[in-house]
Amino acid sequence: MRNEDCIYCNCCGKVILTGTGCRMEDYFHMEKTWGYFSRKDGVIQSADICEDCMDRWMREFRIPPDEIEETEIFEC
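Residues numbered from 1 in each chain as written. Predicted model: local features only at pLDDT ≥ 70, side-chain atom pairs only at ≥ 80, totals over all residues. Heavy atoms only, no water.

Right, let's get into the overall build of the protein chain. Broken down by element type, the protein chain carries one helix and four strands. For 76 residues, the compact-globule estimate of 2.2 N^0.38 gives 11 Å, and the protein chain exceeds it by more than 25% at 15 Å. Look at the contacts in the protein chain between residues 6 or more apart in sequence, and 34% of them connect residues 24 or more apart. When the accessible surface of the protein chain is totalled, it reaches about 6,800 Å², and 52% of it is carbon and sulfur. Here the protein chain contributes 9 positively and 17 negatively charged side chains, and the mean placements of these two sets differ by 10 Å. (Helix = DSSP H or I, 4+ residues; strand = E, 2+ residues; numbered from the N terminus. Rg over C-alpha atoms; globule rule 2.2 N^0.38 Å. Contact = heavy atoms within 4.5 Å. Areas by Shrake-Rupley, 256 points an atom, 1.4 Å probe, with all protein chains shown as cover. Lys, Arg positive; Asp, Glu negative; His and termini not counted. Charge placed at Lys NZ, Arg CZ, Asp CG, Glu CD.)

Geometry of an aromatic ring pair is reported as the spacing of the ring centres plus the angle between the planes. Scanning all chains against the criterion turns up one aromatic pair. Relative to Phe61, the ring of Trp57 has its centre 5.3 Å away and its plane inclined at 85 degrees; by these criteria the two rings are edge-to-face. By relative accessible area, which is 36% here, Trp57 ends up partly exposed. Its guanidinium or amino end placed over the ring of Trp34, Lys32 lies 5.3 Å from that ring's centre, counting from NZ or CZ. (Phe/Tyr/Trp six-rings, centres within 6.5 Å; stacked < 30°, edge-to-face > 60°. Buried < 20%, exposed > 50% of the residue type's maximum accessible area, 1.4 Å probe, protein only. Lys NZ or Arg CZ within 6 Å of the ring centre and 35° of its normal.)

With that settled, consider the side chain of Asp48. Relative to the helices and strands, Asp48 is located in strand β4 (residues 44-50). When its relative accessible area of 2% is taken as the criterion, Asp48 is described as buried. Looking at Asp48, its side chain comes within polar contact range of the side chain of His29, at 2.6 Å. (Polar contact = N/O pair within 3.5 Å; in protein donor to acceptor, adjacent residues only side chain to side chain.)

That is the geometry; function is a separate question.
Next up, the structure:
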């Protein structure tokens, strides 16, 4: 969840990014625009998920997501 001051985890509500721009941890941002053949035609949904909640969520997957480890990470 985002407001003008902070970014919160949509699952647990913890602060991920403070209003001062200080990131408390990395997070997963997802956004989906639903199209034809869905029950949500024309709806845009977005969420921010902290790393702990993302780990919990992925453990529930029947088929785990692929993982590739990068040795160099570039951030702007």
